[in-house]
Number of protein chains: 2
Amino acid sequence: MQVTSRDATGTTTDKFNCSVCPVRDHAVCSRCNPEEFEQFKAIRRIRSFSKGAHIMRAGEPMTSVGSLTRGSAYLRRSLEDGRRQMVGLLMPGDFIGRPGRREVAFDIIAGTEVQLCQFRIGDFERILQASPAVSRRLLEMTLDELDAARLWMLVLGRATSRERLTSLFALLVQHDARHMSRKIGISAKIELPFARSDIAEFLGLTIETVSRRFSDLQGDGLIRIEGRRKILIPDYLALIAETGDSESWRHEFHGEVCLSSAVE
Amino acid sequence: MQVTSRDATGTTTDKFNCSVCPVRDHAVCSRCNPEEFEQFKAIRRIRSFSKGAHIMRAGEPMTSVGSLTRGSAYLRRSLEDGRRQMVGLLMPGDFIGRPGRREVAFDIIAGTEVQLCQFRIGDFERILQASPAVSRRLLEMTLDELDAARLWMLVLGRATSRERLTSLFALLVQHDARHMSRKIGISAKIELPFARSDIAEFLGLTIETVSRRFSDLQGDGLIRIEGRRKILIPDYLALIAETGDSESWRHEFHGEVCLSSAVE
DNA sequence: CCGCTTCCTTGATCTGAATCAAGTTTTTTA
DNA sequence: TAAAAAACTTGATTCAGATCAAGGAAGCGG
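Keep in mind the model is a prediction, meaning the values are calculated, not measured. (Residues numbered from 1 in each chain as written. Chains lettered and ligands numbered in written order. Predicted model: local features only at pLDDT ≥ 70, side-chain atom pairs only at ≥ 80, totals over all residues. Heavy atoms only, no water.)

Enquirer: Honestly, the relation of the copies chain A and chain B in this entry has me stumped. Any pointers?
Expert: By a simple turn and slide, chain A fits onto chain B: the slide is 0.0 Å along the axis, the RMSD is 0.0 Å, and the turn is 180°. Taken together, the rotation angle and the small translation identify this as a two-fold axis. By residue overlap, the copies meet face to face through one surface: 100% of the interface positions of chain A are interface positions in chain B. (Least-squares fit on C-alpha atoms with pLDDT ≥ 70 in both. Contact = heavy atoms within 4.5 Å.)

This is the structure in structure tokens:
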């Protein structure tokens, strides 16, 4: 059983109830049988990180893995002269860490206040070995992330700055839709989990270019900027028509797009 | 048991001996017990594809999965106006296809003559359900591919054309090293599995830019172009110093870099 | 509420890679 | 083995996004 501890960025508590866990039905533990679930409960440790904190740093030993339960975080990798690229976006339910590897490969940074449900890597690996339900779920999640990473490689390799920004909006709308298990209407409102500089790092652009494209898209009526971190998308289909790959952004909805107009 | 069949691009044969399979010790089946191994043997189907052939096409139903046993292939994804990006490189031992998904997400194209060891997706999924060894191995392979994809996202998002090309060379040297289980000396010779236009698609550049950077690197003595598809790298460390991320290309060797000079 | 800092926007200019345009070399085919 | 096609290289020009530079708006700490 875990001793309660505290460090610079986070706190540990055992007062956490899995039955009201916000990611209970899509995290790595979501397909466990009751017995496996008890094992996880016994070894879990809830921690929180404040916005901007490093959850892990590339190169340091990987001591724990776990699920992101609240907030959002991102994976980042840097070139030696400081150029940076975000290489992944972590939303509630996503798994953090890599069983079978002893060293962290990417910086993981809290984009907002973040809450994690962590396990020491050895403890987790023991459950992983023993439980086909857990390893199957983790495989499924990893395969999904691999597909998403490859889809994003197309954006980074070939899309224009306008296409990149509209693709990011489409991605965020979908994330919301999936996690809120809400259907998307013709219009949508998204909360940006990042500052402009983070968006630039995500898209492989500079902050100035990102800012200009925000203005352009607003000028063209494709988005409405409502305060620094909120944007309204009056017509989702018009937006994805600007991504250069509307087919896959429509398709990725898994058939949940609601085409009815007259929402706005 | 599989009936022998033939189609436009490939042939099926049952004359294939797993005990001399070139990827026996790192493919998805490499950790099976003898019983599981027999199951694979019973359902496998060997097929070959000629250079340039589509092994699978994005959007079509995924009917089979399998291992690449000989040759190399790549994953590609296109924007609607035809811009293309390679999003993965498949070498012998790599797994093709995605259990749990019914539709192919990427075009898969044979870069050379290719030989595959395929299974019908349903057959494979049955073994995957039953065998922890197979699902653990597939998880491990998928996690490795995810890391590789994310590393490449940094190249596509932030690297200059010169850095992209040197990174590709570093990647190919490492692939060789890993598959030949041969240590890398200070100098290396690589066989390019692609034409210039494929390299351009891989790097997110145009063919003209790729050609110019080849010439520049040769002019600077970092490579020697020996025929269309062979290049000699006289000094690997000098080459990776040009990638903008020499640390990770050195590191990725898993400590196998041989620093002894006087090889050339 | 004020001053400070951080974040964001906009403008002017520059630059690396794209595009357009020939040529050259290699490979294929007849 | 000659002709045609495909693959590659090099040069001139253009352009999207980077860089350099300045100012404005929002959040914050006292």
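Enquirer: Quick question: what am I supposed to make of the protein's contact with DNA strand D here?
Expert: In the vicinity of DNA strand D there are 18 residues, among which Ser 161 and Thr 209 of chain A together with Ser 211, Arg 212 and Ser 215 of chain B approach most closely. By atom count, sugar and phosphate contribute 67% of the portion of DNA strand D lying within 4 Å of the protein. Between DNA strand D and Thr 206 of chain A, the relevant distance is 3.0 Å, taken from a phosphate oxygen to a side-chain nitrogen or oxygen of the residue. Within the side chain of Ser 215 of chain B, one N or O atom sits 2.4 Å away from a phosphate oxygen of DNA strand D. Elements represented by at least two residues in the surface near DNA strand D include exactly α6 (207-219) of chain A together with α5 (196-203) and α6 (207-219) of chain B. Partitioned by chemical class, the residues of the surface near DNA strand D number two nonpolar, eight polar and eight charged. (Near = heavy atom within 4 Å. Polar contact = N/O pair within 3.5 Å; in protein donor to acceptor, adjacent residues only side chain to side chain. Helix = DSSP H or I, 4+ residues; strand = E, 2+ residues; numbered from the N terminus. Nonpolar A, V, L, I, M, F, W, Y, C, P; charged D, E, K, R; others polar.)

Enquirer: Honestly, the interface of chain A and chain B in this entry has me stumped. Any pointers?
Expert: How large an interface is tends to be reported as the accessible area lost when its parts come together. Opposite the 52 residues of chain A that make contact, chain B presents 52 residues. When chain A packs against chain B, close to 4800 Å² is buried across both sides, 56% of that on carbon and sulfur atoms. Here Asp 144 of chain A and Arg 98 of chain B are joined by a salt bridge, their closest N and O atoms 2.7 Å apart. Our count for the contact surface shared by chain A and chain B stands at 27 residue pairs in polar contact (both at pLDDT 80 or more). Elements supplying a minimum of two residues to the side of chain A that touches chain B: β4 (73-78), β5 (84-90), α2 (121-130), α3 (132-158), α5 (196-203) and α8 (246-251) of chain A. The dominant element in the side of chain A that touches chain B, judged by the number of residues it contributes, is α3 of chain A, at 20 residues. (Buried area = accessible area lost by both parts, 1.4 Å probe. Salt bridge = Lys/Arg side-chain N within 4 Å of Asp/Glu carboxyl O.)

Enquirer: Looking at this structure, I do not really get the protein's contact with DNA strand C. What am I missing?
Expert: By nearness alone, 18 residues border DNA strand C, and Arg 196, Ser 211 and Ser 215 of chain A together with Ser 161 and Thr 209 of chain B come closest of all. The protein-proximal atoms of DNA strand C, defined as those within 4 Å of the protein, are 67% sugar or phosphate. The contact in question runs from a phosphate oxygen of DNA strand C to an N or O atom on the side chain of Ser 211 of chain A, over 2.8 Å. Here the surface near DNA strand C is built from residues that sort into two nonpolar, eight polar and eight charged.

Enquirer: Explain the pattern of salt bridges to me, please; I cannot follow it from the model alone.
Expert: Should the charged atoms of two oppositely charged side chains come close, the side chains can pair. A full pass over the atoms with the stated rule returns 44 salt bridges over all chains. In this structure, the salt-bridge partner of Arg 120 of chain B is Asp 123 of chain B, at a minimum N-O distance of 3.2 Å. Take Arg 120 of chain B: its relative accessible area is 45%, and that puts it in the partly exposed class. A salt bridge links Lys 189 of chain B to Glu 226 of chain B, with the nearest nitrogen and oxygen atoms 3.7 Å apart. Remark: Glu 226 of chain B occurs in the loop between β10 (224-225) and β11 (230-233) and Lys 189 of chain B occurs in strand β9 (residues 188-191); sequence separation between them is 37 residues. The class for Lys 189 of chain B is partly exposed, based on a relative accessible area of 49%. Through salt bridges with shared partners, one network takes in Arg 98 and Arg 101 of chain A together with Asp 144 and Asp 147 of chain B. (Buried < 20%, exposed > 50% of the residue type's maximum accessible area, 1.4 Å probe, protein only.)

Enquirer: Sorry, what's going on with the sheet that holds β11 of chain B here?
Expert: The strands making up a sheet associate through hydrogen bonds between their backbones, and the pairing can be parallel or antiparallel. Residue and element names in this part refer to chain B. Read from one edge of the open sheet, three strands run β9-β11-β10, paired in antiparallel fashion. Only two strands of the sheet have a single neighbouring strand rather than two, namely β9 and β10. Pairing geometry for β9 and β11, over four bridges, is antiparallel. Bridge pairing in β11 links Lys 189 to Leu 232. (Pairing = 2+ DSSP bridges.)

That is the geometry; function is a separate question.
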